[in-house]
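Here's the letter readout for the chains.
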Amino acid sequence: MAMISNHMPTAELQALDAAHHLHPFTHGNDLRKKGARVITRAKGVTLTDSEGNEFLDAMAGLWCVNLGYGREELAEVAARQMKELPYYNTFFQTTHVPVIALARRIAELTPGDLNHVFFASSGSEANDTNIRLVRTYWEQKGKPSKRAIISRKNAYHGSSMGSASLGGMAAMHAQGGMPIPDIHHIDQPYWWGEGGDMDFEAFGLARARQLEEKILELGAENVGAFIGEPVQGAGGVIIPPASYWPEIQRICAEHDILLIADEVICGFGRTGKWFGSETYDIKPDIMTIAKGLSSGYQPVGGSVVTDEIAEVLDGCEFAHGYTYSGHPVACAVALENLRLLEEEGIVTRAGSETAPYLAEKWAGLADHPLVGEAVIVGLMGSLALTPDKASRAKFAADPGTAGLICREECFANNLIMRHVGDRMVISPPLVITMAEVDMLIERAWRALDAAHKRLEAEGLMKAAS
Ligand code: PXG
């Protein structure tokens, strides 16, 4: 069989890809028609495709390459670990040095007494762990009825049956019979889209209080946990009002409900501090981590729990685990990633220098006629596209039509910016320089101009009635 290499013609690679590769979140017929974009290499914040085009990756892959691409140190650590111990498991009272070292490092970095890590290979797996962990915890405490978990509409917690059930994506629930039982969803704190005439902070409080209403409806004796992303990422970078999280925290404490902060995107510097929980002063009982933990160089994630939860779990054998829980190569690479993020001051600089610079430039995009709001925290931001700023109108066309056009124009301007419906989102590598921020903003402006022209030409700048 011929070796598949970077040097094959793009069309051949695309044909083979379409013939044998089923893609996540991709319409098969569209893929067949257009062919997939073939990415061949990357360095810093720049991706190169098989045609030699270069793109500024304002998404850090899928919100994960916090360290930037092409760090040799991680490749070297992986090679060294593979030679020494490529695999061993952590089941049945066994351990190894990389998993010990990474667990301790995570315990040091995470706030409060989040000191114990259950490893997984992804955020989805870690959130599935959380469902079983919460229920096992309450069973051990003699309260087995506390099974229900409350989440939010338009949340994203992963793609497996459990984690997608925790998520609040209607299109995902429609495929395959989700949510699983005992998962409930309340509304999200999305003022621009759903706040109407309400005051921003009052809206935040009202949305938080839906949690209390739901707990009272179900009975606190039946509710085990609430899960939320400090800032919803895949839902469109929805930044909650300042009133939101303190009220959620109060409600969880008063009703004896565990609080799970899903930090898969927010963790490891994304919001300007190490964790979104620090930015929003959240004191979670459980934290979900993945993505930035290894900057995407290896698949690794986990659930970090408090001393109290670990002590309760110690009372039983938690019959749960993945072959690759605490994979030695993934752990060694994650540890090296955390070392570089810290020792090179990448997280600190992203928060104190890059974030304020980017925030100022990003805010300027709100002057564009197509942009209804431009919001940002740390290095994650979003734009709401609108046919009418003043009324915060949605488009008459199907949701996502304008967003897709804008995304295409971003590609045409060598910028990778994702669309979530009609919101555009960014989450660049934390190592992005000021000059690259300028380039990002220039390209975004040009893409918005081109998208605006196309929307006008196609008669799509119409508000939904
Ligand atoms: N929690 C959160 C908050 C996430 O954003 C997961 C859990 C699941 O992680 P894994 O590693 O199982 O994918 C995620 C993942 C997108 C996009 O296009 C977002 C994610 C994954 C893929 C695509 O916005 N987030």
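Here, the structure is the one placed above.
Conventions and cut-offs
Residues numbered from 1 in each chain as written. Predicted model: local features only at pLDDT ≥ 70, side-chain atom pairs only at ≥ 80, totals over all residues. Heavy atoms only, no water. Salt bridge = Lys/Arg side-chain N within 4 Å of Asp/Glu carboxyl O. Helix = DSSP H or I, 4+ residues; strand = E, 2+ residues; numbered from the N terminus. Buried < 20%, exposed > 50% of the residue type's maximum accessible area, 1.4 Å probe, protein only. Expected span 1.5 Å × (residues − 1). Arc of directions from axis to C-beta. Contact = heavy atoms within 4.5 Å. Patch = residues over 30% accessible without salt bridge, like charges linked within 9 Å, V, L, I, M, F, W, Y side chains within 5 Å. Areas by Shrake-Rupley, 256 points an atom, 1.4 Å probe, with all protein chains shown as cover. Lys, Arg positive; Asp, Glu negative; His and termini not counted. Charge placed at Lys NZ, Arg CZ, Asp CG, Glu CD.

A. Broad picture of the pattern of salt bridges. For the coordinates displayed, the defined rule picks out 23 salt bridges. Arginine 250 is the salt-bridge partner of glutamate 247, the closest N and O atoms lying 2.7 Å from each other. A residue pair is termed a helical-turn pair when its members lie 3 or 4 positions apart in one helix, as glutamate 247 and arginine 250 do in helix 11 (residues 244–254) at three residues. Glutamate 247 sits in the buried class, given a relative accessible area of 9%. Across the pair aspartate 281 and lysine 283 runs a salt bridge, and its minimum N-O distance is 3.1 Å. Taken individually, aspartate 281 and lysine 283 each receive the classification exposed, so the pair is uniform in this respect. Residues joined in a network through salt bridges with shared partners are Arg209, Glu212, Glu247, Arg250 and Glu254.

B. Looking closely at helix 4 (residues 72–84). For helix 4, built from 13 residues, the straight-helix expectation of 18 Å at 1.5 Å per residue is met to within 8% by its first-to-last C-alpha distance of 18 Å. Residues of helix 4 that are buried include every one of Leu74, Val77, Ala78 and Gln81, and no others. Taken around the axis of helix 4, the buried residues stretch over an arc of 100°, which confines them to a single face. In helix 4, those exposed residues whose orientation departs by more than 90 degrees from the buried face are Glu72, Ala75, Arg80 and Lys83. Looking at the packing, one finds that the buried side of helix 4 touches helix 5 (97–109) and helix 14 (328–343).

C. Highlighting a negative patch on the surface. Taken together, the side chains of Asp113, Asp307, Glu311 and Asp314 make up a negatively charged region of the molecular surface. Positionally, aspartate 307 belongs in helix 13 (residues 307–313). Classification of aspartate 307 as partly exposed rests on a relative accessible area of 32%.

D. Expanded view of the side chain of asparagine 130. On the secondary structure map, asparagine 130 appears in helix 6 (residues 123–140). A residue is classified by how much of its surface remains accessible, and asparagine 130, at 0% relative accessible area, is buried. The contacts of asparagine 130, once residues within four sequence positions are left out, are Ile260, Ile286, Thr288 and Ser303.

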